[in-house]
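# What the coordinates show
This is what each chain is made of:
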Amino acid sequence: MLLNRKLILLIACVCLFFSIVTLQDTYAKYTSAVNETTDISIARWRILVNDFDIRNNSSTTNLIEPDFDGNSNIAADVIAPTAQGSFTVVVDATGTDLAFNYSINVANSVNSPVSDIRVLRATLNGTAVNVTNNALNDSTISGTIGLSDQRVNTFIVYIEWFDGNGENMNNAADTATTLIQDGAAQLSVTINFTQVPTATPTPTPTATPAPTSSPEPDPEP
């Protein structure tokens, strides 16, 4: 009788052992994983300046043509001391999916016989924009074109041949420019566009709970 009970107990333990192993093996068969590739569109960055794709070349000449209307004392399409004119920079941002900062630096070229050309003011789509005068003949127009303004944006930069106190060229130097055969004043216009970086969100401060005061003990009777 005792032998039969030991045999039954041994058979039960063996059955329990195989039940556990089989159950673990079943769980292992239902473990799975997936590796998926997702396509994400890359933002477009295509800015045209006066119909020129700036991605193709970082330097060009005669892309910007100043316009001098002349007045009663100065003929059109030429410059002389006190002459005023303007040039246009058309920035086509319709192929761009990003907000960007712009910087237009206007300076007299080192090879120019005239060094007194200066920026008077500038507009963007008819609205005045910021102009920083770094020096008499070196100015920077800067600002931001937001994502909602990705269109054809027109800058007009107004310039003049300055003649007055603080000028670089005296009267003799002004006159000397007329002796240069086929002389031409030259402006250096450097335009930079930079993507506006995504601002790092400021963490929301966690409120510190006010300390709870311990209840005062009941006064003794």
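Residues numbered from 1 in each chain as written. Predicted model: local features only at pLDDT ≥ 70, side-chain atom pairs only at ≥ 80, totals over all residues. Heavy atoms only, no water.

### As for the overall build of the protein
Summing up its helical and strand segments, the protein has 2 helices and 10 strands in all. Taken over 221 residues, the protein has a buried fraction of 23%. Excluding contacts between residues fewer than 6 apart, the proportion of contacts in the protein whose partners are at least 24 apart in sequence is 74%. If you sum the accessible surface of the protein, you get close to 16300 Å²; carbon and sulfur atoms cover 54% of it. (Helix = DSSP H or I, 4+ residues; strand = E, 2+ residues; numbered from the N terminus. Buried < 20%, exposed > 50% of the residue type's maximum accessible area, 1.4 Å probe, protein only. Contact = heavy atoms within 4.5 Å. Areas by Shrake-Rupley, 256 points an atom, 1.4 Å probe, with all protein chains shown as cover.)

### Structural notes on the layout of surface pockets
Quantified by volume, the largest pocket comes out at close to 1200 Å³. Every residue lining the largest pocket is counted, 39 residues in all, and those nearest its centre are N62, I64, L187, S188 and V189. Every element with two or more residues in the lining of the largest pocket is listed here: β1 (45-49), β9 (152-161) and β10 (187-195). Among the elements that line the lining of the largest pocket, the one with the most residues is β10, at 7 residues. Residues belonging to the lining of the largest pocket are distributed by class as follows: 22 nonpolar, 13 polar and 4 charged. (1 Å grid on protein atoms, 1.4 Å probe; cavity = no way out; pocket = protein on both sides within 12 Å on 5 of 7 lines; lining within 4 Å. Points joined across faces, edges and corners; volume = space filled by probe spheres on them. Nonpolar A, V, L, I, M, F, W, Y, C, P; charged D, E, K, R; others polar.)

### Looking at the packing of aromatic side chains
As enumerated under the stated definition, the model contains 3 aromatic pairs in all. Look at F100 and F193: their rings are 5.4 Å apart centre to centre, the planes differ by 90 degrees, and that puts the pair in the edge-to-face class. In this pair, F100 is assigned in strand β4 (residues 100-108) and F193 in strand β10, connecting sequence segments 93 residues apart. Given the relative accessible area of 0%, F100 is considered buried. (Phe/Tyr/Trp six-rings, centres within 6.5 Å; stacked < 30°, edge-to-face > 60°.)

### What to know about the pattern of salt bridges
Going through the model one piece at a time under the given rule, you end up with 5 salt bridges. Across the pair R44 and D97 runs a salt bridge, and its minimum N-O distance is 3.0 Å. Highlighted residues: R44 in the loop between α1 (2-29) and β1 and D97 in the loop between β3 (84-96) and β4, separated in sequence by 53 residues. On the basis of relative accessible area, D97 is assigned to the partly exposed category, the value being 34%. Between R118 and E160 there is a salt bridge, with its nearest N and O atoms 2.6 Å apart. Linking R118 in strand β5 (residues 117-124) with E160 in strand β9, this pair joins segments that are 42 residues apart in sequence. Judged by its relative accessible area of 26%, R118 is partly exposed. (Salt bridge = Lys/Arg side-chain N within 4 Å of Asp/Glu carboxyl O.)

### Re the sheet that holds β5
Spatially, β2-β1-β3-β9-β5-β6 is the arrangement adopted by the 6 strands of the open sheet, whose pairing is antiparallel. Each edge of the sheet is formed by a strand with only one pairing partner; in this case those strands are β2 (52-53) and β6 (127-128). Pairing between β5 and β6: 2 bridges, direction antiparallel. Pairing of L124 across the sheet is with T127, part of β6. (Pairing = 2+ DSSP bridges.)

### So, the sheet that holds strand β8 (residues 138-145)
In any sheet, the strands associate via hydrogen bonds between backbone groups, in a parallel or an antiparallel arrangement. Read across the sheet, 4 strands follow the order β7-β8-β4-β10 without closing on themselves; strand pairing throughout is antiparallel. Two strands in the sheet have a free side with no partner beyond their single neighbour: β7 (131-135) and β10. Strand-to-strand twist across the sheet, computed as the mean angle between neighbouring axes with direction ignored, equals 20 degrees. (Axes fitted to C-alpha atoms, helices over the stretch in contact; angles between N-to-C directions.)

### Quick look at unusual backbone geometry
The backbone phi angle of N50 is positive, close to 50 degrees, even though this residue is not glycine. Along the chain, N50 turns up in the loop between β1 and β2. With phi around 80 degrees, T82 is a residue other than glycine that occupies positive phi space. One can find T82 in the loop between β2 and β3. Classification of T82 by relative accessible area gives partly exposed; the value is 45%.

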